[in-house]
Amino acid sequence: MDRTKNVYKEAVQSGKYEKVTGLLGKYDNVRRYWEDEITRMTVRPFLEGLIAEKSRRMERLRILDLGCGSGDGFELLCAVTSREPSLLDHQVSLITPEILGIYKGVDISEPLVQQAREVHGANGKLKFELGDFSQGLPVEKSEKAYDIYFTSYGTLSHLSDEKLVRLLADTAGHASEGSIIICDWLGRYSYEWQDLWREEEEPDYTMDYVVSYIYPEEEREDKELDHLILRLMSPREVEDLVNRASEEAGVGIRLKAMLDRSIFTGRHLDTSDYNRHCRPLRSAVNSLFETNLRTNLDTLVADYHPRDGFDDINDFFERYQMSWNALVFFTIDLLYYYNDTNCMAPPEILDTYPEVLREMMEYIKNIIESCHWIKVGDTRANIIEPQLGYALREMELRMQPALGCGHSLVGIYEIER
Ligand SMILES: C[S@@+](CC[C@H](N)C(=O)[O-])C[C@H]1O[C@@H](n2cnc3c(N)ncnc32)[C@H](O)[C@@H]1O
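Residues numbered from 1 in each chain as written. Predicted model: local features only at pLDDT ≥ 70, side-chain atom pairs only at ≥ 80, totals over all residues. Heavy atoms only, no water.

Caption draft 1: Here's a closer look at the packing of helix α11 (residues 355–371) against helix α12 (residues 379–399). Where α11 contacts α12, the axes come no closer than 10 Å and their chain directions differ by 170 degrees. Taken together, the axis directions place α11 and α12 in an arrangement best described as roughly antiparallel. Contact residues: Val-356, Leu-357, Glu-359, Met-360, Tyr-363, Ile-364, Ile-367, Ile-368 and Cys-371 in α11; Thr-379, Ile-383, Ile-384, Gln-387, Leu-388, Ala-391, Glu-394, Met-395, Arg-398 and Met-399 in α12. Tallied by class, the residues present in the contact of α11 with α12 amount to 14 nonpolar, two polar and three charged. (Axes fitted to C-alpha atoms, helices over the stretch in contact; angles between N-to-C directions. Helix = DSSP H or I, 4+ residues; strand = E, 2+ residues; numbered from the N terminus. Parallel < 35°, antiparallel > 145°, perpendicular 65-115°, else oblique. Contact = heavy atoms within 4.5 Å. Nonpolar A, V, L, I, M, F, W, Y, C, P; charged D, E, K, R; others polar.)

So this is what it looks like as C-alpha cells:
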C-alpha cells in the first residue's frame, strides 16, 4: 500500500500530473493553434530565403530571441514548416537540427531564464542569458551577427520610444546584410482596449496592462495584480521610430511585412477590462480547438461597437465582423442541414461576399459534407469545430489591414547595408 501511495506522490510532485487544458493559461489553444501559427506563416518566406542563402554560403543559422521567456521563440521558429508538405512527409520543419547553429535567448526575468535552462538545457546549441534590452542590444562586442533577431507577443511594447530606437539602432549595427528583425508590439487600435483609443497619436502612449486573463473569471476579482506599463503602437509610429533607428545606425532597416494578429481573439476580449462591449470570443475559439468539447457556436458571434472619430478603423471592423459572423452562421446552418437534409436547403454562398469568405465557406462545406456521417469519435468536436477555427484564422490572416487593430502589431524587417 505504501509503495502505491509513494508512486502517485512522486507522480504528483513531478508536476507531470497537472491537468492540461487549452481553455486557459499562457499556452491556451488560441496561442498554440492561432497566434503561433499565424506568426509562423508570416515568417515562413523569410526563413526559406535565409536558409537557402545560409546553405549556399555553407553556414548555419544564428538566432537571437530578445525577451525569450522560457525559450518560446525556439519552439515557435523550429515549428515553421515547409509551404505545402505532401501527405507522405513527416519531417516538415524548415529549421532542421543540422541547419541550426545557435539559438540564444535573453530575458530580464531570472525565473524564466531558469525555466528555459531546465526545459532546453540538454541541447548544447541553446543558450539562455539574463540581460536587459532596455540598455541596448544585450550582446558581447565579439559576438557574431545573427540571422534572426526575434521578439514576440508584444515584447517590444516594454520599451519607451527612446529605448526602442536605441535597441533597433544597435541591432541594425550588429546585424549583417540580409539579417531579419521580427518586431512585436501591442496594437494601438485593438478592440480589446477601445476605451484607450485616442484621436491624436501622442508619443510614448502606454497602457496599464494586467495579466488577469490567465486566471478563471471567478478568481480574477479577488486577485491583487501588478500592472505592466506597455506601449500601444500604430504603424505610422512604428515607421517613424524605425526610420530614426535606421538613420542613427546608418544602416537600412527595410519593412518587408506588417501584420495585425488576434483581431477578435486578443486575451482582453475575455476580460472586457478596457472595453465593456467585448464578448469573450477568445474563450469561444479556445473551445473550438479543444478535444472532445462541443462549443455553443452562438458564443462565437461578434458584435462590434463603433467609436466616433475612427472612420477607417470602424470600416475595417464592420467588414471583418460581417465576414466572421457570416462564416459562423453558415456553419450553424450547415450543421442543421446535414443533421436532417429534409428540413431545409443548404445555405448559399453569395458572389457579393469577399473572396476569402467564399473560399472558407466552400472549405467548411467540404469538411462537413465529407465527415458528417462518421459515427466513431466526436466528429463535431474533434473535426468540424477545429476546422472552423482554422477557417476563421485564415480569414484573419487574409483580411487583416495592418492598421494596429489586432492584439499584436508584427513587423518584419530586413537589413540592407
Ligand atoms: C510578452 S513576454 C514574451 C515572452 C516570450 N517571448 C513568449 O513568447 O511568450 C515579454 C518578455 O520580455 C521580457 N522582458 C521585458 N522587459 C525586458 C527587458 N528590458 N530586457 C529583457 N527582457 C525583458 C519579460 O521578462 C518577458 O519574458
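Caption draft 2: Representation of the site of the ligand in the model. With respect to spatial proximity, 18 residues lie near the ligand, and among them Gly-67, Asp-107, Asp-132, Phe-133 and Tyr-153 are the closest. Within the side chain of Asp-72, one N or O atom sits 3.3 Å away from an oxygen atom of the ligand. At a separation of 3.0 Å, an oxygen atom of the ligand approaches a polar side-chain atom of Ser-152. For the ligand, whose free accessible area comes to 590 Å², the fraction covered by protein is 85%. Residues of the shell around the ligand, tallied by class, amount to five nonpolar, eight polar and five charged. (Near = heavy atom within 4 Å. Polar contact = N/O pair within 3.5 Å; in protein donor to acceptor, adjacent residues only side chain to side chain. Areas by Shrake-Rupley, 256 points an atom, 1.4 Å probe, with all protein chains shown as cover.)

Caption draft 3: Structural context of the packing of aromatic side chains. In the structure shown here, the tally under the stated rule is 22 aromatic pairs. Pairing Tyr-33 with Phe-289 gives two aromatic rings, centres 5.4 Å apart and planes at 40 degrees, and the pair type is tilted. Here the residue Tyr-33 occupies a position in helix α2 (residues 29–56), and Phe-289 occupies one in helix α9 (residues 281–289), the gap between them amounting to 256 residues. Members of the aromatic cluster, connected to one another through ring pairs, are Trp-34, Tyr-189, Tyr-191, Trp-197, Phe-264, Tyr-304, Phe-310, Phe-316, Phe-317, Tyr-320 and Trp-324. Its guanidinium or amino end placed over the ring of Tyr-153, Arg-31 lies 3.9 Å from that ring's centre, counting from NZ or CZ. Note that Arg-62 overlies the ring of Tyr-146, its terminal NZ or CZ placed 4.6 Å from the centroid. (Phe/Tyr/Trp six-rings, centres within 6.5 Å; stacked < 30°, edge-to-face > 60°. Lys NZ or Arg CZ within 6 Å of the ring centre and 35° of its normal.)

Caption draft 4: Examining a nonpolar patch on the surface more closely. On the surface, a nonpolar cluster with roughly 440 Å² of combined accessible area is contributed by Val-7, Tyr-8, Val-12 and Tyr-17. For Tyr-17, the location among the structural elements is in the loop between α1 (2–13) and α2. (Patch = residues over 30% accessible without salt bridge, like charges linked within 9 Å, V, L, I, M, F, W, Y side chains within 5 Å. Salt bridge = Lys/Arg side-chain N within 4 Å of Asp/Glu carboxyl O.)

Caption draft 5: Region of interest: α9. For α9, the buried fraction is high: eight of the nine residues fall into the buried class. Buried within α9 we find Leu-281, Arg-282, Ala-284, Val-285, Asn-286, Ser-287, Leu-288 and Phe-289. (Buried < 20%, exposed > 50% of the residue type's maximum accessible area, 1.4 Å probe, protein only.)

Caption draft 6: Up close: the pattern of salt bridges. Taken as a whole, this structure holds 27 salt bridges when the rule is applied. Measuring nitrogen to oxygen at the nearest pair gives 3.3 Å for the salt bridge that ties Asp-72 to Lys-26. You can see Asp-72 sitting in helix α3 (residues 72–78) and its partner Lys-26 sitting in the loop between α1 and α2, a full 46 residues away along the chain. Its relative accessible area of 35% is what places Lys-26 among the partly exposed residues. One salt bridge in this structure joins Asp-36 and Arg-31, with 3.9 Å as the shortest N-O distance. Of the two residues, Asp-36 and Arg-31, neither departs from the other in class, the shared state being buried. Shared partners join several salt bridges into a network, and the residues in it are Glu-53, Lys-54, Arg-56, Arg-57, Glu-59 and Asp-147.

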